[in-house]
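Listed here are the chains, written in short residue letters.
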Amino acid sequence: MTDGNTTDALTRLEQEGEIAADYLEGLLDIADLDGDIDMDVEGDRASVSIVGDPSSRDLNKLVGRDGEVLEALQELTRLAVHRETGDRSRLMLDIAGFRAQKRAELTELGEKAAEEVKGSGEPVKLKPMTPFERKVVHDAVAAAGLRSESEGEEPERRVVVLPAS
């Protein structure tokens with residue numbers, strides 16, 4: 001990729017973040033919830049976080065049980081970006097640090113599964129996960145020097161950690 005293409009991609013991702021931030025600010029106003037919006041670019045996708053007062057549990061309403069509301073808001077935010085840009089968005093949304101905490105837990109799960117496979121030499125099947133969760137586990141397994149694959153159909157799709165070949 002040339003420097004011009006890299007700059008163009010970064011500008012596009014920053015624009016996605018700004019569109020998402022505007023959409024989410026409107027949502028927070030409608031819901032009468034307090035929160036600050038942080039934007040970043042992580043790898044090849046825009047990342048937007050809604051952060052609030054740690055002593056307040058208001059933003060947890062936007063996370064929902066097991067992140068279900070967060071997933072829905074992420075899809076709505078992606079649609080808002082798509083409506084403005086005409087391009088499909090891979091934007092990641094985090095609310096009240098839920099995804100960051102989940103990422104840490106899943107990284108640990110992937111590392112433990114990799115150690116188990118290294119010790120036993122047998123594949124390990126993990127419980128069904130969302131695409132986000134599977135990606136984090138795949139990355140952790142790869143960092144541990146093993147490989148993994150997804151199997152099954154949504155919503156029962158799961159990661160299988162494989163021994164080194």
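Residue numbers restart at each chain and count upward from 1, following the sequence in its written direction. Residue-level local features of this predicted model are given only where pLDDT is at least 70; pairs of side-chain atoms are given and counted only at 80 or more, and the full residue set underlies all totals for whole chains, interfaces and linings. No hydrogens and no water enter the side-chain calculation; it runs on all heavy atoms of the structure.

### So, the confidence of the model for the protein chain
Step number 1: The pLDDT value tells you how sure the predictor is about a given residue, anywhere from 0 up to 100. Model confidence for the protein chain is summarised by a mean pLDDT of 93, while 98% of its residues fall at 70 or above.
Step number 2: Labels follow the DSSP assignment, with helices taken as runs of H or I lasting at least four residues and strands as runs of E lasting at least two, numbered in each case from the N terminus. By mean pLDDT, the top-scoring element of the protein chain is strand E6 (residues 158-162) (98), and the lowest-scoring one is helix H1 (residues 3-31) (90).

### Remarks on the sheet that holds strand E5 (residues 147-151)
Step number 1: Only strands joined by at least two bridges in the DSSP assignment are considered to pair. Read across the open sheet, the 3 strands follow the order E4-E6-E5; overall the sheet is antiparallel. The open sheet has two edge strands with one neighbour each: strand E4 (124-128) and E5. When the angles between neighbouring strand axes are averaged without regard to direction, this sheet yields 20°.
Step number 2: Throughout, a residue-residue contact means that at least one pair of heavy atoms, one from each residue, lies within 4.5 Å. Think of each axis as a best-fit line through the C-alpha atoms, taken over the contacting stretch in the case of a helix, with angles from 0 to 180 degrees between the N-to-C directions. Sheet strands in contact with helix H3 (residues 98-120) are E4 and E6, and its direction is about 155° off that of E4.
Step number 3: Together, E4, E5 and E6 form the strand contacts of helix H4 (residues 131-143), whose direction differs from that of E5 by roughly 160°.

### What to know about unusual backbone geometry
Step number 1: Note that the residue after glutamate 154, namely proline 155, is joined by a cis bond; omega there is 0°.
Step number 2: Even without being glycine, aspartate 32 reaches a positive phi, approximately 55°.
Step number 3: Within the fold, aspartate 32 resides in the loop between H1 and strand E1 (36-42).
Step number 4: To sort residues, take the accessible area from a 1.4 Å probe on protein chains only and compare it with the maximum for the residue type: under 20% means buried, over 50% means exposed, and anything in between is partly exposed. Judged by relative accessible area, which is 69%, aspartate 32 ranks as exposed.

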